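What follows is the residue order along each chain.
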Amino acid sequence: MAEFTLPKNSIVKEGIYHKNYKNLENIKKLIIYRWDPENNENPRLDTYEIDQKKCGPMVLDALMKIKNEIDPTITFRRSCREGVCGSCAMNIDGINTLACLKPIGEVKGDIKIYPLPHMPIIKDLVPDLSKAYNQLESIKPWLKRKKYLENNESNKLEEKKQSPKDREKLDGQWECVLCFCCTTSCPSYWWNSDEYLGPAVLLQAARWVNDSRDSERKNRLKDINDSMKLYRCHSIMNCTHSCPKGLNPAKAIADLKKAIVTEL
Amino acid sequence: MRSNRPLSPHLSIYKKILTSVFSIFHRFTGISLSIGSILIALWFCLFALLPSYYFVFEIISANIFFRFILFIWTITIFYHLFNGVRYLYWSFGIGMDLNSVYFSAYMVLFLTMLSSILVWFLL
């Protein structure tokens, strides 16, 4: 049964206010979720004031500025700062997105930053994604070919070619950077994360199901044809709404369901 | 150590965006319709009974509060109907890009209002 409230140790308390005394004009307030594993306190919301004129355009720039200039203890993942690595996924202004792709100017008023929703927290804005990674592994996200012996001898050394038309079928699926913004925006995943695979993993499942070079299409479909793994998707469409790369996991899942009905 | 990890906030902090709101209302309307249809059936039973029960039926029908609830119930029916059609299209993978999702959502709202008003004030 879904638990709609937070457990006792997760209830968010008020935190520290880091006031900016130097500049009072171009101030932007950032309210950030903090949790330190080294003391036994509950998570808290710290407030930081930054000078917008002396800060880069994106929310990630603001976070870096805070880490560099105000509070070096603040912890978050980041790497490429251009939406390619998927590290800086977090909940900004109520919606999951990549901090490096979210302009500060898009947020009216104070910027509230939480980690990805309904995830165990390692520290501050760093969630533990190991469950999601294990789920990704469970769909076997690699190319599978029938054993060489079953095929022609010639297949052994020949490259398996893919026509541009077949390659097009993967567009909108291979671009996923696995930031899990979509998965953690899905209410169904919040309540069923133990068994439901979630949009990101199902999008990857679709990516391998639709690969013309893969010979396990049917088996892959059979594997995910499960009331919990796949059919906890109720087309809520939060995944498509939140995807920072503009992909459409909900559509991919609908197509998977259709393929199962028509092909199995 | 691991079990001590807090759970990050979810329902309370996620923005109430159109997609999830329309989805949860589809459930709410579905539940209230199934409860409501039993009540409506009971109400109809009144005039299947003896003629003396008929005036109870009339008293209930004339009650403004009852009529208001019936009006809400009409909206509920049409919302569930039109949104259900939206879900049918999605089952075929049609209209699932974000622009179409928003457009069809507003269409559902518009059609719901239009048909409820038609039923109550023009028929």
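Since the structure is predicted, the reported quantities are computational estimates derived from the model, not experimental observations.

Participant: Break down the domain arrangement of chain A for me, with residues and values.
Facilitator: Residue and element names in this part refer to chain A. Its domain assignment divides chain A into domain 1 (8-127) and domain 2 (130-263). Measuring from the centre of the C-alpha atoms in domain 1 to the corresponding centre in domain 2 gives 32 Å. Counting residues at the interface gives 14 residues for domain 1, matched by 13 residues for domain 2. For the pair domain 1 and domain 2, the two sides together bury roughly 1100 Å², of which 68% comes from carbon and sulfur. When the buried area of domain 1 at its contact with domain 2 is split by residue, N96, H118 and M119 rank highest and sum to 39% of it.

Participant: Describe in detail the interface of chain A and chain B, supporting the description with residues and values.
Facilitator: Taken together, the contact between chain A and chain B spans 44 residues of the former and 29 residues of the latter. For the pairing of chain A and chain B, the buried interface totals around 3100 Å² over both sides, and the portion due to carbon and sulfur atoms is 63%. Put simply, chain A and chain B have two salt bridges between them. For the interface between chain A and chain B, the tally reads 17 residue pairs in polar contact (both at pLDDT 80 or more). Of all elements in the fold, only strand 5 (95-98), strand 7 (121-123), helix 4 (187-192), helix 7 (238-242) and helix 8 (249-263) of chain A reach the threshold of two or more residues within the side of chain A that touches chain B. Residue contributions to the side of chain A that touches chain B peak at five residues, all from helix 8 of chain A.

Participant: Residues and numbers for the pattern of salt bridges, please.
Facilitator: For the structure shown, the criterion picks out 18 salt bridges over all chains. In this structure, K15(B) and D93(A) form a salt bridge, with 3.3 Å as the shortest nitrogen-oxygen distance. Remark: D93(A) occurs in the loop between strand 4 (89-92) and strand 5 and K15(B) occurs in the segment before helix 1 (18-45); the pair is interchain, linking two chains. Given a relative accessible area of 21%, D93(A) falls into the partly exposed group. When the shortest N-O distance is used, the salt bridge between D255(A) and K251(A) registers 3.3 Å. In this pair, D255(A) and K251(A) are both assigned in helix 8, four residues apart and thus about one turn of the helix distant. Through salt bridges with shared partners, one network takes in R34(A), R44(A), D46(A), D71(A) and D124(A).

Conventions and cut-offs
Residues numbered from 1 in each chain as written. Chains lettered and ligands numbered in written order. Predicted model: local features only at pLDDT ≥ 70, side-chain atom pairs only at ≥ 80, totals over all residues. Heavy atoms only, no water. Domains from an automatic or database assignment. Contact = heavy atoms within 4.5 Å. Buried area = accessible area lost by both parts, 1.4 Å probe. Salt bridge = Lys/Arg side-chain N within 4 Å of Asp/Glu carboxyl O. Polar contact = N/O pair within 3.5 Å; in protein donor to acceptor, adjacent residues only side chain to side chain. Helix = DSSP H or I, 4+ residues; strand = E, 2+ residues; numbered from the N terminus. Buried < 20%, exposed > 50% of the residue type's maximum accessible area, 1.4 Å probe, protein only.

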